[in-house]
Amino acid sequence: MFNASFRRELLRKDVNPASAFSELTQIRQFLTGSGIFAFFDVPWTPVYIWVIFLLDPFLGWVSVLFACIQLVVTFIGHRATVGDITMASKVHGESSAYLHGKLRNIEAVHAMGMVGNLRGRWLALHDVSIRQSGKLLDRQHRQQSFSKFVRYCMQSFTLAAGALLVLDGKMGPGGMIAANVMMSRALMPLDLMMSVWKPMIQARDAFLRMEKLLADYPEVAPITGPEFSSGDVSVEGLAPTVPNRNDPILDAIDFRIPAGCIVAVTGPSGAGKSTLARCLAGAWPGVHDRVFYDGLSTEIWSREEIGPHIGYLPQDIELFDGTIAENIARFGPVDSRKVIEAAQMSGVHDMVLRFPQGYNTRIGEGGGMLSGGQRQRIALARALYGKPEIVVLDEPNANLDDAGERSLVQAMQELKALGAVVVLVTHRMNILSVADRLLVLKNGSVEHYGLRDGVLEVMRAAKASGSTQ
């Protein structure tokens, strides 16, 4: 479930990432609760009716008739409530997802005074959820009361029929009481099923959704690829897509980056720079057969196998609850030498030593105990951990000061000397001096690609020509 949910979220499906675990909990609670016993008791209903037949055939047929009536009542209740149950679950999920989504951006919401407006929208969703739940509960209570009324009536009729048989001398008083008890036991599971119908339907729907999730994202057999070796990086016909969008983000682009080369990727906003960075780092699913490391498709390695050879710094920094050392070491076995080495390369080592507990300082969920610049430096150290052969940095200097930017340039030059491929996505032109090549994207296409000075000259000439015209 964890792996399937992770892969679905990687595809950026419009689903609450934790919904699968809520559904799993819902199924577990139903299976371990008292409601499940109704289904274990139902097979005993024919046994009780058979015993009633042994007491008296007439009472046996009466019990069959009453059991059929109870089944009809249960079926009608199912038809009347199944739609309401599904709708109530849906609107409750929408309300919860809306609230959780806003809590993830609490700082911006609070700073710009958006709490009142967003609360109004949440209350509207919550009101719909409450009204739908109230409607469902009201209908269920009425159906349960009616079912109980029917059961009591049938027990009374059974007792009356038994009394008539006693008066006629066809049955003793003990048989009359036994038949009434048997009828009560025969119909009780059917009545109990009505009371647990809602959690049963919710558990069934949760199971179907869980089954679909596991069918859409099945467990992948472990892949053992060839030993990874540093080399060039190339893409062929790269055209990543997203749901609800007809056109690909990148227009089947092709280029090659030789080993030991720093490539700066630039271009206007929305050109596809961050998407290209995700594809090169292997963070964009479905394009593994279009990205090649040293001439080999990335799909021949599992992510666990190839991950240590990749360094990736996304534009949206995401750290995790744990110590600084654990975050830098990617939550694997902490190699102190490699952690300190990566921290020194990113220029964060001295800063970490000033913390009371140094590298053992816990940073909180999302790195909430750190400033934006500190989070970026630690995330950069995580990307540089173990000196990977392929490093993709998306706006790595967005929150860095001059000292941090100097450390970044020095780290890239050190990786280049080791033969690594470094891809730097940036808007800042002052850092282009460290690049060997320059790739310019525009509207999802490669507008220019080549040696840095040559591309800059072409861009200056085009700009001058445009100004003249």
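Residues numbered from 1 in each chain as written. Predicted model: local features only at pLDDT ≥ 70, side-chain atom pairs only at ≥ 80, totals over all residues. Heavy atoms only, no water.

Participant: Sorry if this is basic, but what is going on with the pairing of strand β8 (residues 421-425) here?
Facilitator: Taken residue by residue, a regular strand's side chains alternate between the two faces of the sheet. Taking burial as the measure, the five residues of β8 include five buried ones, the bulk of the element. Bridging between strand β3 (residues 262-266) and β8 involves four bridges; their strand directions are parallel. Looking at β8, one finds that Ala 264 is bridged to Leu 424. Two strands pair when backbone bridges link them, and strand β7 (residues 390-394) and β8 are joined in this way by five bridges, in the parallel orientation. Looking at the pairing, Asp 394 lines up with Val 425 of β8. At this point the chain moves from β7, through helix α16 (residues 402-417), to the parallel β8, and the crossover so formed is right-handed. (Buried < 20%, exposed > 50% of the residue type's maximum accessible area, 1.4 Å probe, protein only. Helix = DSSP H or I, 4+ residues; strand = E, 2+ residues; numbered from the N terminus. Pairing = 2+ DSSP bridges. Right-handed = clockwise from strand over helix to strand, strands pointing away.)

Participant: Would you explain the pattern of salt bridges in this entry?
Facilitator: Note that side chains of opposite charge can pair when their charged atoms are close. Enumeration according to the criterion identifies eleven salt bridges in this entry. Two residues, Asp 205 and Arg 204, come together in a salt bridge whose shortest N-O distance is 3.0 Å. A relative accessible area of 38% means that Arg 204 is categorised as partly exposed. We note a salt bridge from Lys 416 to Asp 436, for which the minimum N-O separation is 2.8 Å. In this pair, Lys 416 sits in helix α16 while Asp 436 sits in the loop between β8 and β9 (437-442), placing the two residues 20 residues apart along the sequence. The class of Lys 416 is partly exposed, set by a relative accessible area of 31%. Salt bridges here are not isolated pairs; linked through shared partners, they connect Glu 341, Lys 387 and Glu 414. (Salt bridge = Lys/Arg side-chain N within 4 Å of Asp/Glu carboxyl O.)

Participant: In this structure, what is going on with the nonpolar core? I would like to understand it.
Facilitator: Among the nonpolar cores identified, the biggest contains 45 residues, and Ile 324, Ile 328, Tyr 359, Ile 378, Leu 393 and Met 412 are the most heavily contacted of them. Among the elements that make up this core, the one with the highest residue count is helix α15 (residues 372-384) (six residues). Ignoring anything within four residues of it in the chain, the contact list for Ile 378 reads Leu 319, Ile 324, Ile 328, Val 348, Met 351 and Leu 370. Grouped together as the second largest cluster of nonpolar side chains are 32 residues, Val 235, Phe 255, Cys 279 and Val 392 included. (Core = buried A, V, L, I, M, F, W, Y, C linked by side-chain atoms within 4.5 Å. Contact = heavy atoms within 4.5 Å.)

Participant: Explanation requested: a nonpolar patch on the surface in the structure shown.
Facilitator: On the surface, a cluster of nonpolar side chains totalling about 420 Å² of accessible area is made up of Phe 2, Phe 6, Phe 21 and Leu 24. For the nonpolar patch, the secondary structure elements donating two or more residues are α1 (2-10) and α2 (19-32). Summarising the element assignment, Phe 2 is placed in helix α1. Its relative accessible area of 58% is what places Phe 2 among the exposed residues. (Patch = residues over 30% accessible without salt bridge, like charges linked within 9 Å, V, L, I, M, F, W, Y side chains within 5 Å. Areas by Shrake-Rupley, 256 points an atom, 1.4 Å probe, with all protein chains shown as cover.)

Participant: Where do I start with α1 in this structure?
Facilitator: Quick reminder: α-helices carry 3.6 residues per turn. Residues three or four places apart thus point the same way. Of all the residues in α1, the buried ones are Ala 4, Ser 5 and Arg 8. Along α1, the residues classed as buried sweep out an arc of 95 degrees about the axis, all on the same side. With respect to the buried face of α1, the exposed residues turned more than 90 degrees away are Phe 2 and Phe 6. (Arc of directions from axis to C-beta.)

Participant: Honestly, the side chain of Lys 273 in this entry has me stumped. Any pointers?
Facilitator: Positionally, Lys 273 belongs in helix α10 (residues 273-281). No salt bridge forms around the buried Lys 273; measuring N to O, its nearest opposite-charge neighbour Glu 395 is 5.8 Å away. Side-chain polar atoms of Lys 273 contact the backbone oxygen of Pro 268, separated by 3.0 Å. Engagement of the side chain of Lys 273 in a polar contact is seen with the side chain of His 427, the distance being 3.5 Å. (Lys, Arg positive; Asp, Glu negative; His and termini not counted. Polar contact = N/O pair within 3.5 Å; in protein donor to acceptor, adjacent residues only side chain to side chain.)

Participant: What is the right way to look at the packing of aromatic side chains in this model?
Facilitator: The description of two aromatic rings rests on the distance between their centres and on the angle between their planes. This structure, assessed with the given rule, holds four aromatic pairs. Aromatic side chains Phe 255 and Tyr 449 sit 5.7 Å apart centroid to centroid with 55 degrees between the ring planes, which places their arrangement in the tilted category. Highlighted residues: Phe 255 in strand β2 (residues 253-257) and Tyr 449 in strand β10 (residues 445-451), separated in sequence by 194 residues. For Phe 255, a relative accessible area of 8% translates into the label buried. Look at Tyr 449 and you get partly exposed, because its relative accessible area is 25%. Between Phe 320 and Phe 331, the aromatic rings sit 6.2 Å apart at their centres with planes inclined by 75 degrees, giving edge-to-face as the arrangement. Of this pair, Phe 320 sits in the loop between β6 (310-313) and α12 (324-328) while Phe 331 sits in the loop between α12 and α13 (336-346); the two residues are eleven residues apart in sequence, bridging distant segments of the chain. Look at Phe 331 and you get partly exposed, because its relative accessible area is 41%. (Phe/Tyr/Trp six-rings, centres within 6.5 Å; stacked < 30°, edge-to-face > 60°.)

Participant: Mind showing me how you'd approach unusual backbone geometry here?
Facilitator: With glycine set apart, most residues show a phi of negative sign, and most peptide bonds adopt trans. The backbone of Phe 331 shows a phi angle near 60 degrees, a positive value even though the residue is not glycine. The phi dihedral of Asn 443 is positive, around 55 degrees, even though this residue is not glycine. Relative to the helices and strands, Asn 443 resides in the loop between β9 and β10.

Participant: What is the right way to look at the packing of α15 against α16 in this model?
Facilitator: The description of two packed helices rests on the angle between their axes and on the distance between the axes. As a packed pair, α15 and α16 sit with axes 12 Å apart at the nearest point and diverge in direction by 5 degrees. Between α15 and α16, the interaxial angle falls into the category roughly parallel. Side by side, α15 and α16 meet where Arg 377, Leu 380 and Leu 384 of the first sit next to Ala 403, Gly 404, Leu 408, Ala 411 and Leu 415 of the second. For the contact of α15 with α16, the class distribution of residues is six nonpolar, one polar and one charged. (Axes fitted to C-alpha atoms, helices over the stretch in contact; angles between N-to-C directions. Parallel < 35°, antiparallel > 145°, perpendicular 65-115°, else oblique. Nonpolar A, V, L, I, M, F, W, Y, C, P; charged D, E, K, R; others polar.)

Participant: Would you explain the environment of Asp 289 in this entry?
Facilitator: By the element assignment, Asp 289 lies in the loop between α10 and β4 (291-293). When near neighbours in sequence (up to four residues on either side) are disregarded, Asp 289 contacts Ser 297 and Glu 299.

Participant: Quick question: what am I supposed to make of α2 here?
Facilitator: With 14 residues, α2 should reach 20 Å at 1.5 Å per residue; the first-to-last C-alpha distance of 20 Å fits that figure. Three or more residues of α2 are buried, namely Ser 19, Ala 20, Glu 23, Ile 27 and Phe 30. Projection of α2 onto a plane perpendicular to its axis shows the buried side chains occupying an angular sector of 105 degrees, all on one side. Facing away from the buried side of α2 by more than 90 degrees, the exposed set consists of Gln 29 and Thr 32. Of the surrounding secondary structure, the elements contacted by the buried residues of α2 are α1, α3 (37-41) and α9 (197-216). (Expected span 1.5 Å × (residues − 1).)

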